[in-house]
Amino acid sequence: MAATGNAEETQLQEMEEEAGMEREMDSDEEEGMGIENSDDEEDDSSEDDKENEAEIQRLEEQLSINAFDYNCHVDLIKLLRQEGELPPLRKARQKMSELFPLTEEIWLDWLKDEIRLTEEEQNREKVYELFEMAVKDYICPEIWLEYAQYSIGGMGLPGGMEKVRSIFERALTAVGLHMTKGVTLWEAYREFENVILATVQPPPGIVPTCEQQELLNAQLERIHTLFRRQLAIPLMDMEGTYAEYEEWSDQGVSDTVSQKYKRALQQMEKSKPYEETLMAAEPPKLAEYQTYIDYEQKEGDPARIQIIFERALAENCLVPDMWAKYTKYLDRQLKIKDLVLSSHDRAVRNCPWTMGLWKNYLLALERHGADHHTISDVFEKALNAGFIQATDYVNIWEAYLDYLRRRVDFSKESSRELEELRAAFTRSLDYMKQDVEERFSESGDPSCTIMQVWAKIEALHCKNIQKARELWDSIMTKGNAKFANMWLEYYNLERSYGDALHCRKALHRAVQCTSDYPEHVCEVLLTFERVEGSLEDWDAAVQKTETRLNRVNEQRAKVAEKEAHLVRQEEQKTEQRRRAKADKKNQKKGQKGSRPGEKRKAEDEDNENEWGEESEQPPKRHRGEGNQGSFRGGGAEEYMETESGLFGRRAPPCRRQEAPGAKRGQQMAPATVRKTQEDNPEQRKDDCSVFISNLAFSMEDPEKRLKELFEPCGPVQSVRPVYAAKGFRGYCYIQFEGKTSVPEALKMDRREVDGRPMFVSPCVDKNKNPDFKVFKYNTNLEKHKIFISGLPFSCTKEQLEELCKDQGTIKDIRLVTNRSGKSKGLAYVEFEHEAQASQAVLKLDGTVLQEHTLSVAISNPPRRNAADKPDLSRPMGAMMPRAMVYGSRGKGRTQLSLIPRSLHRQTGSESKAENGTAPKPTGGASGDAGFEAQAKPMSNSDFAKMLLRK
């Protein structure tokens, strides 16, 4: 035993001496390099030091203002590491680790710096503590391997051998199933045990004692066990490990080990395609990981499912959905307390802006019996996380209040938990009013759900109906008195826990105040009186409801009349604009016809060549071909006149060098076909047709061209181009032989033809289908999509994709163009996740692309309802209230105003006063209030003075 101990000590001393010599050589090389370069670079280094110090000071000041600036932390650590000052560097790393999980690279740099600077044995515990922090952030095989190798350096200390084995076992539990990187840890563990084996083996020719033989057998069994455990797990290069075991083992490989190895090899072959897909994919590999996870969940091995989740999260740590799926799996399947709570903690540290992760964390803490202080601390951290919606704060408060309610023993009249619950309800209402409303300009809880829950708790559990009534009075004063459902909720509360008197009182107030569904509350009141009321109560209810409903009907009639009047006004204005446009067009024709000699003669010749006869009137237009035709294309206007195109309104007709007779037949043929089909409606099938628009007027032989273009969608029965007096109008109808061709044709919408986007829409007769709705872009808040303005007109989708690809997975890019296909300098970029869009806004807003400064915001298109259209009869100042000067997107940093700057000015619109015209405002930025203040009525004397001055 003594000989064995001496051999172990000798081996350990040799390993430690080798490590020490390597450190000395590294330090000597570093010192030599420093001496060699010091003379040449002294001046440059001093200037760099000053710049670094200034930059360090700037970064520290920025972090004092915003401690959650991740990139600022990274830059500060990088500069401090260049300076080589350990105390401030260590402090900066500690601050960052308190707020964020650190990446593998940051942890490895930190650990290597601490290992190099901590050579004394009494400081090894500090490095061990640092390793423990590192392995909790992410599952990283490299960090575990570094941890095990560092522990080997201390195996000569008391209990050092057991500590090394303990760390290796923990590492195998954490990452031993990693199919590509786990094999490194298994080999390192076996190598360590082989070194120990060499120390316990006696020299050749010496017979070991019984104690030595026992130690030798125990060590051999450890190595056998490691081989057997590794071969039972599907890992890459399993064949090499099996061959190594065959060569190492004197007794060969047992049948049991071979069978387990074959099963693991089969499992590895099944998983190998997923691993190869991951290796070939580009980061962040989210879709590939999700496919891999789905496969493992079907297999049902919890340990393998966990390791795949951990690998996916190491590369997609900012994806809240992935964290939510992982924590949900742990909550429902594994249910291991330490693993579940640590995963929830890592989830909220990576994605603190996601309310759902905090809510699930609170539930998990309560589910696993965490103490009240811990749960309260987590809730306070959630309030400071910076959610992006007001409703998020309502939801997190509801989760915490639910937890507090479950702690209360309501069998006692008064308890500390009950007082704490009431105090939390009061605080939540104050928080919503003071913090949430000031930040978001909305409460996030318009229906007062928190107060409703509080009222129900007071009525049901505390038997305090008076407190519940006070809460409902407060709810109604917050703008809810006009809603019937709110009054019925209050009525149901009184019905369950109150008395008939207060029920009647609530229903009478409901009849008086409700504006959305007054008939419903009136019916409830009458039903209540039928069941419980006296004759006097019934008469009062009938009189109350009749009076209220009469007044409501009168108000509705007035509103309907007003809306009808507005509709008539709008129709009159539309008719006036149409007439003005027609008069202007006739006037231009008249000016054109009054031109002298040669010009008029040329035009007459042109008409004669075009129609084959000399006539002032063009041939009769059929339905759908002239300016007054009713087009059945989805998205086409009722009276469309296509003025766009490569040549504008005066596009030249499609002419060929043919005989006049042939030309006439060519142009009149489509019209003849169209007329035949219009006269025979049974031959026209709208469900087999599509409407094509925005084509170039100069397209030659549109019928042949479009038939060739759409034949891949299915057999084409007919192509009906629409012509005018001077040629092709830019739109046509295509009828297929079957309905199945229509969806394929619609996929060709906005395909570029002759440099213009071709519009393809369903063919629907709007006269027969007035409710037909054409496609409209979304006008709601789209958190996964960003809106970019200020783009150069030459910007392409490829350039935008190159600009945005670093922010996340791009699903779609849409450049906004006009009818001619030219860019408007606007674009929408859709990401796979909301967090990626939010990150893109923060990173790209204000960036410069081809000397153009970009504005980036979360997509929130303004609504285009009829009520939003301005009244042209009103002055611009009255049309746009002062509160809307920032546009419909709001005033936040991530929002964008789309109102032109010209609409922000008061540009001389006159407002009529009682006597004369009000003067223009003198202050350009005074707004509506200043303008109205100056538009005061003028007296007769004022009017006379004004005339005398002139």
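Residues numbered from 1 in each chain as written. Predicted model: local features only at pLDDT ≥ 70, side-chain atom pairs only at ≥ 80, totals over all residues. Heavy atoms only, no water.

S.K.: What exactly am I supposed to notice about the overall build of the protein chain here?
M.R.: Helix and strand content of the protein chain: 35 helices and 11 strands. Residue pairs in contact within the protein chain that sit at least 24 positions apart in sequence constitute 62% of those at least 6 positions apart. For the protein chain, the exposed surface amounts to about 54900 Å²; the carbon and sulfur share of it is 50%. (Helix = DSSP H or I, 4+ residues; strand = E, 2+ residues; numbered from the N terminus. Contact = heavy atoms within 4.5 Å. Areas by Shrake-Rupley, 256 points an atom, 1.4 Å probe, with all protein chains shown as cover.)

S.K.: For this particular structure, what's the right way to read the packing of aromatic side chains?
M.R.: Under the counting rule described, the total for this entry stands at 32 aromatic pairs. The rings of Phe379, Phe387, Tyr393, Trp397, Tyr400, Tyr403, Tyr431 and Phe440 are connected pair by pair, giving a single aromatic cluster. Here the basic side chain of arginine 124 rests over the ring of tyrosine 150, its NZ or CZ set 4.1 Å away from the ring centre. A cation over a ring is seen here: lysine 163 above tyrosine 128, with NZ or CZ 4.3 Å from the ring centre. (Phe/Tyr/Trp six-rings, centres within 6.5 Å; stacked < 30°, edge-to-face > 60°. Lys NZ or Arg CZ within 6 Å of the ring centre and 35° of its normal.)

S.K.: In this structure, what is going on with the sheet that holds strand 6 (residues 782–789)? I would like to understand it.
M.R.: Strand pairing in a sheet is mediated by backbone hydrogen bonds. Such pairs are either parallel or antiparallel. Strands sit in the order 7-8-6-11 across an open sheet of four strands; the sheet is antiparallel. Two strands close off the open sheet at either side, each with one partner strand: strand 7 (810–817) and strand 11 (855–859). This sheet shows a mean twist of 20° between the axes of neighbouring strands, independent of strand direction. Along the sheet face, helix 31 (residues 797–804) touches strand 6, strand 7 and strand 8 (823–831) and points at about 135° away from the line of strand 7. (Pairing = 2+ DSSP bridges. Axes fitted to C-alpha atoms, helices over the stretch in contact; angles between N-to-C directions.)

S.K.: For this particular structure, what's the right way to read unusual backbone geometry?
M.R.: Note: most peptide bonds trans; most residues except glycine with negative phi. Residue proline 283 is joined to proline 284 through a cis peptide bond whose omega torsion reads 10°. Here proline 284 is to be found in the loop between helix 12 (255–280) and helix 13 (286–299). Positive phi is not limited to glycine here, since aspartate 237 has a value of about 60°. On the basis of relative accessible area, aspartate 237 is assigned to the exposed category, the value being 52%. Phi is positive for glutamine 850, which is not a glycine, with a value near 50°. Assessed through its relative accessible area of 38%, glutamine 850 is described here as partly exposed. (Buried < 20%, exposed > 50% of the residue type's maximum accessible area, 1.4 Å probe, protein only.)

S.K.: For this particular structure, what's the right way to read the sheet that holds strand 5 (residues 756–762)?
M.R.: Within the open sheet, the five strands sit side by side as 2-3-1-5-4. Their pairing is antiparallel. In this open sheet, the two strands that pair with only one neighbour each are strand 2 (716–724) and strand 4 (751–753). The average angle at which neighbouring strand axes cross in this sheet is 30°, direction not considered. In terms of strand pairing, strand 1 (residues 689–693) meets strand 5 through four bridges, oriented antiparallel. Residue pairing across strands places isoleucine 692 opposite valine 760, the latter belonging to strand 5. Packing against the sheet, helix 29 (residues 702–710) makes contact with strand 1, strand 2, strand 3 (727–736), strand 4 and strand 5, and its axis sits at approximately 140° to strand 2.

Read these as layout, nothing more, since geometry by itself doesn't imply function.
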